[in-house]
Amino acid sequence: MTAHESEKKSSGWRSRPFRFDLLMLLVGLVLATGLAIGAYSYSANSKSALELSATLAGQASTAVIEKTTQYLLPAKTMTRMTSDLLTVTSLDIVRDREVEAYLLNVLMSIPQLAMVYIGGENGDFVKAERQAGGGFITQTIDRSGSVPKTILRKRDSQGRKISEESQDKAEYDPRDRPWYKAAASAEASGCWTDIYRFFTGGYMGITAAVPAYGKSAEGEKGPIRAVSGADITLDELSTFLGTLRIGKSGLALIVDDKRQVVAYSLMASDKSAAAAMQAGEPLPVEKVENEVVSAAFRQRAESGLDHLTVATGGASHLAYFTAFPSTFAKKWEVAIIVPEDDFIGQIKHTNIVSMFISIAVLIVAVVCAILLSRGLSRPIQALTAEMRRIREFNLDGRAEITSHIQEVQDMSEALKGMKSGLAAFRKYVPADLVRQLIERGEEARLGGSRQEITLLFTESANFTTIAEMLPPETMAELDAIKQGLEKEQAVLVARRAEAQAALAREEAAGGVGCGVAGERPHPYSISIT
């Protein structure tokens, strides 16, 4: 083990192959870049999509409020016009057949109305009702006599009478119904009732009701003369909400201030809503079968926030709540609930595709990094091996190391020059001696140590004459004498003319320093220290 290797082991320092660091660097850069771009893109795109979803939900809520207002407006307008007509005229709502015809025409011209009617302060009543299978029914209840009289007329889709039934009794009294009571206690502009069960058909709905007043003897507003009303069933309002497109699978609800469902876009498919309608009872929002809806309203009640993210069943939904404007007669609010993936699902899909593309790019990058690292490391490994041979003073052979990288090629050329210089130096300093110095980690320095040595003086007879007759190539072969001495761990000190001198160490581990001065009369004068 060399001194350099011992020093590395003792310090605990370990090295890694260059190709490993290069490979890890390239892979790390590609991976970090891909992850950074992917994370940023997903975050930025998701944020933009969610901001867009809030805008779209706000627009949808505004559209629901506007369309709901427009949907309900004809009912309120019609009842107000009817009440004004009754106020300024002396029409008898039962005996004047024009009133029945007027209500029938109103119903035929406003398709969202289920029924329109007028209830008098004496219990008289006239109505026009739409039939589910088509056609209409008109009815009058006359309480002017001692016995109430009810007339029921069936009509076709054009309003023409098909049949008529009459009976001397009346089970219905408008003055007992919620719409009449609400209008009687309201201002002259009328009101919208709370959700209640209609007497006819048992449907749940709301009514626009406006009172009509008589005139006092002084010409001022007198007591209530009648109340006009228009019914809109909740299923019709829910059908309207179902026509709205909110995202791909979003839903909408209208809820009153008592947290009862006024309208629900999934009313027809919700079992709890269908059961409530059959029972003729209002549907509390907490009893809606859809788990997302109940969770959204429960979370909204706890947080008081208008924008929520609701996580149920492993999926996230966005919930937006918007109150109807104060100009609207009822304290209603619109809830828009949309799956988050309706807005960012495409972004998630794009990110998955990008991830697979990144993996493919990463694989290609790894292959390229391996090839590049091999191309870089192989010349460096060859240079390292050559340096190890030089460190051991093994200067035989000539390794051709080439590289397309300029710095590596410069190192190869410099190493060749160093090797050539050391090869020339080896002619004067024994390779074994240098190798031993390197292995012991010692430096070549001035000085020495005392050792017992053996000196050998030889002389070649007529060496000069013989050398003059030999070619230079043959003379170069005389270097074998030096090589033979080195194998025996001897040092050739000097060679001059016909004489040469050598010294050998008694101990292979010793250190020898020799100085030579050629002084007569002997060919060599050797000083040993």
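How each quantity is defined
- Residues numbered from 1 in each chain as written.
- Predicted model: local features only at pLDDT ≥ 70, side-chain atom pairs only at ≥ 80, totals over all residues.
- Heavy atoms only, no water.
- Helix = DSSP H or I, 4+ residues; strand = E, 2+ residues; numbered from the N terminus.
- Contact = heavy atoms within 4.5 Å.
- Areas by Shrake-Rupley, 256 points an atom, 1.4 Å probe, with all protein chains shown as cover.
- Patch = residues over 30% accessible without salt bridge, like charges linked within 9 Å, V, L, I, M, F, W, Y side chains within 5 Å.
- Salt bridge = Lys/Arg side-chain N within 4 Å of Asp/Glu carboxyl O.
- Core = buried A, V, L, I, M, F, W, Y, C linked by side-chain atoms within 4.5 Å.
- Buried < 20%, exposed > 50% of the residue type's maximum accessible area, 1.4 Å probe, protein only.
- Phe/Tyr/Trp six-rings, centres within 6.5 Å; stacked < 30°, edge-to-face > 60°.
- Lys NZ or Arg CZ within 6 Å of the ring centre and 35° of its normal.
- Pairing = 2+ DSSP bridges.
- Axes fitted to C-alpha atoms, helices over the stretch in contact; angles between N-to-C directions.
- Polar contact = N/O pair within 3.5 Å; in protein donor to acceptor, adjacent residues only side chain to side chain.

Engineer: Looking at this structure, how should I read the overall build of the protein chain?
Structural biologist: Helix and strand counts for the protein chain stand at 13 helices and 19 strands. Considering only intrachain contacts with a sequence separation of at least 6, the fraction spanning at least 24 residues in the protein chain is 54%. Carbon and sulfur atoms make up 55% of the accessible area of the protein chain, which amounts to about 30400 Å² in all.

Engineer: What's the story with a nonpolar patch on the surface in this structure? I'm lost.
Structural biologist: A cluster of nonpolar residues, Ile352, Met355, Phe356, Ile359, Ile363, Val367 and Leu371, forms a patch on the protein surface that exposes about 680 Å² of accessible area. By secondary structure assignment, the location of Leu371 is in helix H8 (residues 341-391).

Engineer: What am I meant to see in the nonpolar core here?
Structural biologist: As a rule of thumb, nonpolar side chains are buried together in soluble globular proteins. In terms of nonpolar packing, the biggest core is built from 50 residues, with Leu72, Leu113, Val116, Ile118, Ile254, Trp332 and Ile336 touching the most fellow members. Examining the composition of this core, we find that nine residues originate from one element, helix H2 (residues 18-88), more than from any other. Apart from residues lying up to four places away in sequence, Leu72 is in contact with Trp192, Ile206, Ile232, Phe328 and Trp332. Within the second largest apolar cluster, 22 residues are counted, among which are Leu253, Val255, Val285 and Ala296.

Engineer: How should I be thinking about the packing of aromatic side chains in this particular structure?
Structural biologist: In this description, a pair of aromatic rings is defined by centroid distance and the angle of the planes. Applying the stated criterion across every chain yields a total of nine aromatic pairs. Between Tyr117 and Trp179, the aromatic rings sit 4.5 Å apart at their centres with planes inclined by 55 degrees, giving tilted as the arrangement. With Tyr117 in strand E1 (residues 115-120) and Trp179 in helix H4 (residues 178-184), the pair connects residues that are 62 residues apart, well separated along the chain. The same class applies to Tyr117 and to Trp179, which are both buried. Three or more aromatic residues joined by ring pairs make a cluster, and in this case those are Tyr117, Phe125, Tyr172, Trp179 and Tyr180. When the ring centre of Phe321 is taken as reference, the NZ or CZ atom of Arg300 above it lies at 4.7 Å.

Engineer: Is there a simple way to think about the sheet that holds strand E14 (residues 333-339) in this case?
Structural biologist: To summarise the sheet geometry, strands pair through backbone hydrogen bonds and adopt either a parallel or an antiparallel arrangement. Spatial strand order, E11-E10-E14-E13-E12: five strands in an open sheet with antiparallel pairing. Each end of this open sheet is capped by a strand with a single partner; those strands are strand E11 (261-264) and strand E12 (307-312). This sheet shows a mean twist of 25 degrees between the axes of neighbouring strands, independent of strand direction. Pairing between strand E10 (residues 251-255) and E11: three bridges, direction antiparallel. Looking at the pairing, Ile254 lines up with Ala263 of E11. On the sheet, helix H5 (residues 234-242) packs against E10 and E11 and is oriented at approximately 45 degrees with respect to E11. Relative to E12, helix H7 (residues 291-303) is tilted by about 130 degrees, and along the sheet it contacts E10, E11, E12, strand E13 (315-323) and E14.

Engineer: In this structure, what is going on with the environment of Leu152? I would like to understand it.
Structural biologist: Here Leu152 shows up in strand E4 (residues 149-155). Sequence separation between Leu152 and Glu165 is 13 residues, and the spatial gap between their C-alpha atoms is 5.1 Å. Leave out the neighbours within four places in its chain, and Leu152 touches Ile137, Thr138, Gln139, Ser163, Glu164 and Glu165.

Engineer: Any chance you could explain unusual backbone geometry here in plain terms?
Structural biologist: Glycine aside, the phi torsion of most residues is negative, and most peptide linkages are trans. Even without being a glycine, Arg259 presents a positive backbone phi close to 60 degrees. One can find Arg259 in the loop between E10 and E11. Since its relative accessible area comes to 30%, Arg259 is described here as partly exposed.

Engineer: Before we go on, may I ask you to explain the side chain of Asp156 in this structure?
Structural biologist: Residue placement: Asp156 occurs in the loop between E4 and strand E5 (161-167). Since its relative accessible area comes to 18%, Asp156 is described here as buried. Polar side-chain contacts of Asp156 include one of 2.9 Å to the backbone nitrogen of Gln158. Here Arg160 takes part through its backbone nitrogen, which lies 2.8 Å from a polar atom of the side chain of Asp156. Among residues more than four places away in sequence, those in contact with Asp156 are Gly135, Phe136 and Ile162.

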